[in-house]
Amino acid sequence: MELKLYDTLTKEKRVFAPLEKNNVRMYVCGPTVYDFAHIGNARPVIVFDVLFRLLRHLYGESHVTYVRNITDVDDKINDRAARDFPGMALNDAIRKVTEKTANQFHADVAALGCLAPTHEPRATDFVLPRADGKADMTTLIKQLIARGHAYEAGGEVLFDTSSMKDYGALSGRKLEDQRAGARVAVDAHKKNPADFVLWKQSSPDEPGWESPWGRGRPGWHIECSAMSAAYLGDVFDIHGGGLDLVFPHHENELAQSRCAHGTPTMANYWMHNGFLQVEGEKMSKSLGNFVTINEALKDWPGEVLRFNMLKTHYRQPIDWTLKSLEESERTLDEWYALSEVGSARTSEATWPRAVLEALSDDLNTPKAIAELHQLRNRAVHGDGFEARRMAKSKARKFRRRSIRSGCSAWTAP
Ligand SMILES: [Zn+2]
């Protein structure tokens, strides 16, 4: 079956052709572990889990390598560690925050039915050159300096955006536009306002590593360039993440990787899932509609959350509503009940193809779900009244007892 995927870089849906059929390689940006992941963070995890499963189906389970990193060095983590563990040495506090948050993230996404990625590297393990020779951040930065794509200024190492002819191609941003809006005073040490940090100095109590540019820590973008190269090579098949990562994160990853390795591309397909709103509004703590995966799992089974996410095509914005969740639960209850009474009469040879075809068309999950509804209709109408009666009584029996309290997000009118 032919798989087609939409590529953000070329803005077209193309037939997917992996670089190597026996090793299809995908990288997806993972969480920065300082707080509970919210339901918007669940979207890329679920979407790319569907793609991972589809690739495993099409190419063989052992022929797909999926890497999703954990960002465990970040100023937000430092702030949280200082707040939650006052008096503790910062590096110890950071370890406490990142371990606890990463464990919570794993439990949450497992409850959403997501497979673990093949590799889950932590950024802090890829800052300095490694004993196993895998790519690391300081070596990449050295390569960028040697090739004339980076420079030291104001205690930082910066990527020189003007050294790359087509910088901005992924997001469609032009360097001139960024110059116009730049704050000159802040950026006085930069050659170009769009230049971004590869390495910055750390104060004695901040996390830091000894480097050729003094004791410091990496910028966010260089982490993913190092960890993807470490496990997937200089050029790989698919790079994924949320739409909010296109700029600056993916634009800058792409620039670093191409310029450090001297390759024409970093990944052959760039895939981005759309934004998520809650009850028609942007999710925010101040609006009281901020839902963590963990809170949502107290109210709903993970499969209902997963199904609800997949009713909308991954590139479309999704509106996360109570009504839609209730519908998702009803649908799953009915399908489970029908599969109990009707599985013997369902021709397994005929139904997966339409579903697979839908998924192979740029992960068209709404179409795949529509195909499953068709299957349900055939089962019910084909088997007549008795099957319908049985399905209804089973559905009641199978209905889960969800706890509908304790989540502030659903108390709005
Ligand atoms: Zn990333």
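Located above this text is the structure these notes cover.
Residues numbered from 1 in each chain as written. Predicted model: local features only at pLDDT ≥ 70, side-chain atom pairs only at ≥ 80, totals over all residues. Heavy atoms only, no water.

Secondary-structure assignment places K11 in the loop between β1 (4–7) and β2 (12–15). When the C-alpha atoms of K11 and W270 are compared, they prove to be 9.5 Å apart, with 259 residues separating the residues in sequence. Those residues in contact with K11 that lie beyond four places of it in its chain are Y6, A169 and L170. (Helix = DSSP H or I, 4+ residues; strand = E, 2+ residues; numbered from the N terminus. Contact = heavy atoms within 4.5 Å.)

Here we take up the coordination of the zinc ion. Around the zinc ion, the protein contributes the donor atoms C29 (SG), C224 (SG), H249 (NE2) and E253 (OE), which lie 2.0 to 2.5 Å from the metal centre. Each donor residue of the zinc ion lies on the same chain, and together they follow the pattern C-x194-C-x24-H-x3-E. Within this pair, whereas C224 is found in helix α6 (residues 220–232), its partner H249 is found in helix α7 (residues 246–261), the two being separated by 25 residues in sequence. Relative accessible area serves as the criterion here: at 1%, H249 is assigned to the buried category. (Donors = N, O, S within 2.8 Å, 3.2 Å for Na, K, Ca; no water. Buried < 20%, exposed > 50% of the residue type's maximum accessible area, 1.4 Å probe, protein only.)

Here helix α2 (residues 75–84) has its buried residues at I77, N78, R80 and A81. One face of α2 carries all of its buried residues, which in axial projection span an arc of 165 degrees. Facing away from the buried side of α2, by more than 90 degrees, are the exposed residues D79 and R83. Where α2 is buried, its residues meet α3 (90–111) and β8 (216–218). One side-chain oxygen at the N-terminal end of α2 lies 2.7 Å from the backbone nitrogen of K76; it belongs to D74. (Arc of directions from axis to C-beta. Polar contact = N/O pair within 3.5 Å; in protein donor to acceptor, adjacent residues only side chain to side chain.)

Our focus in this paragraph is the side chain of T265. For T265, the position within the fold is in the loop between α7 and β10 (267–273). The buried category is assigned to T265, whose relative accessible area is 16%. Apart from the residues within four sequence positions on either side, T265 is in contact with D234, V235 and R258.

Residues apart from glycine generally show negative phi values, whereas peptide bonds are mostly found in trans. Cis rather than trans, the peptide bond between F247 and P248 has omega equal to 0 degrees. Among the structural elements, P248 can be located in helix α7. Look at E279: it is not a glycine, yet its phi comes out positive at around 45 degrees. When you line up the elements, E279 lands in the loop between β11 (276–278) and β12 (281–282). Residue class for E279 comes out partly exposed when judged on its relative accessible area of 38%. For D362, which is not a glycine, the phi torsion comes out positive at approximately 50 degrees. Locating D362 in the fold gives a position in the loop between α11 (351–360) and α12 (365–398).

A large share of strand β4 (residues 64–68) lies buried, amounting to 5 of its 5 residues. Along β4, one buried face is formed by V64, Y66 and R68 and the opposite face, lined by T65 and V67, is buried too. Relative to β4, strand β3 (residues 24–28) is paired through 5 bridges, and the arrangement is parallel. Bridging from a neighbouring strand, V24 pairs with V64 of β4. (Pairing = 2+ DSSP bridges.)

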